[in-house]
Amino acid sequence: MNCIFCKITNGEIPTNFHYEGERVIAFADLNPQAPTHLLLVPKSHYENAAELAKGDPNALVEIFSAAEQLAREFNLEGYRTVFNTGAAAGQSVFHAHLHLLGGRAFSWPPG
Ligand code: DGP
């Protein structure tokens, strides 16, 4: 399988990790949409958040507790977390990942 996030999680593509735990890593998004834009990624490959919930729910728990820890480390006053699921919703990498965005004001509804 030619998955870019598998290559990042297994070290094939050297990347600076802002967080590494038992099941999850976090690194900066290549195309940031906010002053802080991190991706929280399970080490195991699941296509999207729902598949991850079915296959490894503990990784989802770790993703959200790591997001809270990172938000504190990056001094975010508030933050937005997003899982895009499916190309129609903007998913472009089909290895589950949570976007953690902060450092600017956010509008609603999202674009
Ligand atoms: P999504 O569109 O929700 O699937 O988000 C995928 C994100 O991944 C997108 O914001 C850009 C980012 N991205 C894609 N390839 C790479 C990469 O090789 N390195 C990093 N750091 N981010 C990547």
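Scope of this entry: the structure provided in the associated data block. Each chain has its residues counted from 1, following the order in which its sequence is written. Local features in this predicted model are restricted to residues whose pLDDT is 70 or higher, and side-chain atom pairs enter the listing and the counts only when it is 80 or higher, whereas totals over whole chains, interfaces and linings include all residues. With hydrogens and water excluded, all non-hydrogen atoms of the structure serve as input to the side-chain values.

## Let's talk about the layout of surface pockets
Volume-wise, the largest pocket comes out at about 380 Å³. Contributing to the lining of the largest pocket are 18 residues, with Phe-5, Asp-29, Leu-30, Leu-39 and Val-93 lying nearest its centre. Here a strand is any run of E in DSSP of at least two residues, a helix any run of H or I of at least four, and the numbering for each starts at the N terminus. The dominant element in the lining of the largest pocket, judged by the number of residues it contributes, is helix α1 (residues 4-9), at 3 residues. Think of it as three bins: nonpolar holds Ala, Val, Leu, Ile, Met, Phe, Trp, Tyr, Cys and Pro, charged holds Asp, Glu, Lys and Arg, and polar takes everything else, Gly as well. Grouping the constituent residues of the lining of the largest pocket by class yields 8 nonpolar, 9 polar and 1 charged. A 1.4 Å probe that fits into a set of points on a 1 Å grid over the protein atoms alone but cannot get out defines a cavity; an open set with protein on both sides within 12 Å along at least five of seven lines defines a pocket, and lining residues are those with an atom within 4 Å of a point. Grid points are joined across faces, edges and corners, and a volume is the space filled by probe spheres set on the points. The space that makes up the second largest pocket amounts to roughly 310 Å³. Taken together, 15 residues line the second largest pocket, and the ones lying closest to its centre are Arg-80, Val-82, Leu-101, Pro-110 and Gly-111. Secondary structure elements with two or more residues in the lining of the second largest pocket: β4 (80-82) and β5 (98-102). Counting residues per element, the lining of the second largest pocket draws most heavily on β4, at 3 residues. A per-class count over the lining of the second largest pocket returns 6 nonpolar, 7 polar and 2 charged.

## A short note on helix α3 (residues 57-73)
In a regular helix each residue adds 1.5 Å, so 17 residues correspond to 24 Å; α3 covers 25 Å between its end C-alpha atoms and thus fits that length. Relative accessibility decides the category of a residue: with a 1.4 Å probe and only protein chains considered, values under 20% of the type maximum give buried, values over 50% give exposed, and everything between is partly exposed. Within the sequence span of α3, burial applies to Ala-59, Leu-60, Glu-62, Ile-63, Ala-66, Ala-67, Leu-70 and Ala-71. Note on contacts: a residue pair is in contact if any heavy atoms of the two residues lie within 4.5 Å. Contact partners of the buried residues in α3: β1 (19-20), β2 (24-28), β3 (36-42), α2 (49-55) and β5. Positive phi appears at Asn-75, one or two residues downstream of α3, with a value of about 55°. What a helix should span is 1.5 Å times the count of its residues minus one.

## Looking at the nonpolar core
Nonpolar side chains tend to gather and get buried jointly when the protein is soluble and globular. Only buried residues count toward a nonpolar core, which is a set of Ala, Val, Leu, Ile, Met, Phe, Trp, Tyr and Cys residues joined through side-chain atoms within 4.5 Å. Ranked by size, the top nonpolar core spans 15 residues in total, and within it Tyr-19, Leu-40, Leu-52, Ile-63, Leu-70 and Leu-100 carry the most contacts. For this core, the secondary-structure elements that each account for two or more residues are β2, β3, α3 and β5. A per-element tally of this core places α3 first, with 6 residues. Beyond its immediate chain neighbours, meaning those up to four positions away, Leu-100 contacts Thr-36, His-37, Leu-38, Leu-40, Ala-67, Leu-70, Ala-71, Tyr-79, Arg-80 and Thr-81.

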